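# Structural features, examined
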Amino acid sequence: MRIILFLLVFLSCIGCKKEDTTHIKKETIPENSVSNFRESYRPQYHFTPPTKWMNDPNGLLFYKGTYHLFYQYYPDAIVWGPMHWGHATSTDLISWTHQPIALYPDKLGYIFSGSAVMDINNTSGLGTKDNPPMVAIFTYHLMEGEKAGRNDFQTQGIAYSLDEGHTWTKYKGNPVIGNPTSIRDFRDPKVMWHEASQQWILTLVAGDHAKFYSSSDLKSWTHLSDFGKDKGAHGGVWECPDLFPLQVTGTDQIKWVLLISINPGAPNGGSGTQYFVGDFDGTTFTTTQKEPKWIDYGTDNYAGITYNGLPDNERTFIGWMSNWNYAQQTPTKEWRSAMTLSRKLTLHNKKTYYLKSYPVHTIDNYSYDTNTYDSITNGFSLTSRNFNEMRIDFTIEGVLKDFQIQFSNIPNNKLSIGYRKDEDAFFIDRRASGEIDFEPRFAEKIHTAPALLDSNGRTTFSIFLDASSIEFFVDQGATVITDQFFPEQPFTVMTFTSEKTKMEDVTVSKIKRIWN
Ligand code: FRU
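Before going into details, it helps to say that this report is about the structure given with it.

Procedures and definitions
Residues numbered from 1 in each chain as written. Predicted model: local features only at pLDDT ≥ 70, side-chain atom pairs only at ≥ 80, totals over all residues. Heavy atoms only, no water. Core = buried A, V, L, I, M, F, W, Y, C linked by side-chain atoms within 4.5 Å. Buried < 20%, exposed > 50% of the residue type's maximum accessible area, 1.4 Å probe, protein only. Helix = DSSP H or I, 4+ residues; strand = E, 2+ residues; numbered from the N terminus. Contact = heavy atoms within 4.5 Å. Salt bridge = Lys/Arg side-chain N within 4 Å of Asp/Glu carboxyl O. Near = heavy atom within 4 Å. Polar contact = N/O pair within 3.5 Å; in protein donor to acceptor, adjacent residues only side chain to side chain. Nonpolar A, V, L, I, M, F, W, Y, C, P; charged D, E, K, R; others polar. Pairing = 2+ DSSP bridges. Axes fitted to C-alpha atoms, helices over the stretch in contact; angles between N-to-C directions.

In this section: the nonpolar core. Membership of the largest hydrophobic core comes to 46 residues, with the highest contact counts inside it found for Phe47, Trp96 and Tyr307. Elements with a minimum of two residues in this core: strand S1 (52-63), strand S2 (66-74), strand S5 (110-118), strand S18 (302-306) and strand S19 (316-320). When residues in this core are grouped by element, the largest group, five residues, is from S2. Excluding residues that lie within four positions of it along the chain, Phe47 makes contacts with Met54, Leu69, Tyr71, Ala88, Trp96, His98, Ala338, Met339 and Trp515. By size, the runner-up hydrophobic cluster in this structure holds 36 residues, among which are Ile405, Ile463, Phe491 and Val506.

Rendered as structure tokens:
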């Protein structure tokens, strides 16, 4: 009986992502005033919506000293529903100010994921030379079309703001890209200015591949080429692409990176983000890469994209810290889901090209009460009132050997991370980390990540713990594992176990909360 009940709830929740309710248009005051941001499991230094449901980051754009973060938002429930674009701003990518909702569903559909650009030269004519428009490019998802059994219910639309993202107007000529040949999954446009060919390039996904388009005015788009049907991982539908150039560290070489989120089919189950390193000539993306590469091996970093408009060709990435396997069942009540820390992406080449992703340096400004230890050896335990708002950095010298760091609390919830020599893999084990039974796949296995070492016999580690998340970075982000967990109480003990190695140059810092 229990199993049948569970199956019913599970199946109905898969359906939730597709459920229709009436289109909502109401006043745009975010309800952050009602929350003190101290509810159970509420992250203290990661972005969360003021209330209710959030998924993908959208429209990441830096303009005039402000980082804009838009996001998939359903302001009426803590499950997925008619999508809006929520909005927040920051000056350092760590502390955020909630802003009024930017985009509401309309008669063309829900507002699915997409991107934003500053149209500085007013190529679109939607602003003026003196007051150029901020333009958002997103997918319209017409639920009525889907329900009627059609396949052409996803199209691309644009909206513009003439007051730096505060208020938005939808373009009258929407959709700007119709659904060409009834492609069911046809979404998530990411737009960039392509300097070499002096045009806008738009990348979107169409089920099992990416499509590239070009435009001179953001309104009229020409299909250029497709990529990926026979490349990379295909365990699920492709979502949320991002195409950008990046300099290979220590060289003058520029390569192009294509991020593709995929659900399901990630290395540890469910949703994850793969990437390709190759070349883009203004028309076509090519790569010689054979194996899929993953930006993060944890189960909780999905649909991540990078900022447009950053100076010095920097690339900063934010992902949604959840997984469609269980995103709608996690045990929070007032709101659901957080974003990863903002991470700087760098590209490297040692035998093969690979990305590193590591928290932006401004996070260092949030550390306080730092304790340092020259070394920590087998069986050593540290205690703290609350390890869940902390950062731990350390080094291991020499060839890596088995080790484990376990966080625990009075109710004996346990969260472990470490390295296993026989698999040459890092791991996070959240199987006994507290509330785990809201969805069977949440705690079904240990999450592992191959050691993609960059270290020359000296490996650095950084661990960021928040109320309900851990981000584990090896060698400044050569290997990353990001996982959520839901302990009954904060962790108070940290124990290191290893017969063969020790932690060195250890610093343990508290991290300031970002909400006032
Ligand atoms: C990814 C995704 C996108 C889509 C959005 C809808 O998580 O499925 O492909 O645009 O979420 O909310």
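What follows continues from the structure just given.
Quick look at the pattern of salt bridges now. Scanning all chains against the criterion turns up 23 salt bridges. Note that Lys64 is salt-bridged to Glu164, the shortest N-O span being 3.5 Å. One end of the pair, Lys64, is in the loop between S1 and S2; the other, Glu164, is in the loop between strand S7 (154-161) and strand S8 (169-170), with 100 residues separating them in the sequence. A residue is classified by how much of its surface remains accessible, and Lys64, at 59% relative accessible area, is exposed. Salt-bridge contacts for Arg391 lead to Asp393; the nearest nitrogen and oxygen are separated by 2.8 Å.

Take the site of the ligand next. Close to the ligand lie 13 residues; Asp56, Gln72, Arg187, Asp188 and Glu239 are nearest. At a separation of 3.0 Å, an oxygen atom of the ligand approaches a polar side-chain atom of Asn55. Within the side chain of Arg187, one N or O atom sits 2.7 Å away from an oxygen atom of the ligand. Among the residues making up the shell around the ligand, the classes are represented as five nonpolar, three polar and five charged.

Before going further, it helps to examine the sheet that holds strand S29 (residues 447-450). Taken in spatial order, the six strands line up as S24-S33-S26-S27-S28-S29 in an open sheet, and their pairing is antiparallel. With partners counted over all chains shown, the strands left at the sheet margins are strand S24 (381-383) and S29, one partner each. Taking the axes of each pair of neighbouring strands and ignoring which way they run, one obtains an average angle of 15° across the sheet. In this structure, strand S27 (residues 414-420) lies alongside strand S28 (residues 425-432), joined through six bridges in antiparallel fashion. In the sheet register, Lys414 faces S28, and the bridge partner there is Ala432.

This part takes up the side chain of Asn308. Tracing the backbone shows Asn308 in the loop between S18 and S19. A polar atom in the side chain of Asn308 sits 2.9 Å from the backbone oxygen of Val191. Ignoring anything within four residues of it in the chain, the contact list for Asn308 reads Leu60, Leu61, Phe62, Ala116, Val117, Lys190, Val191 and Met192.

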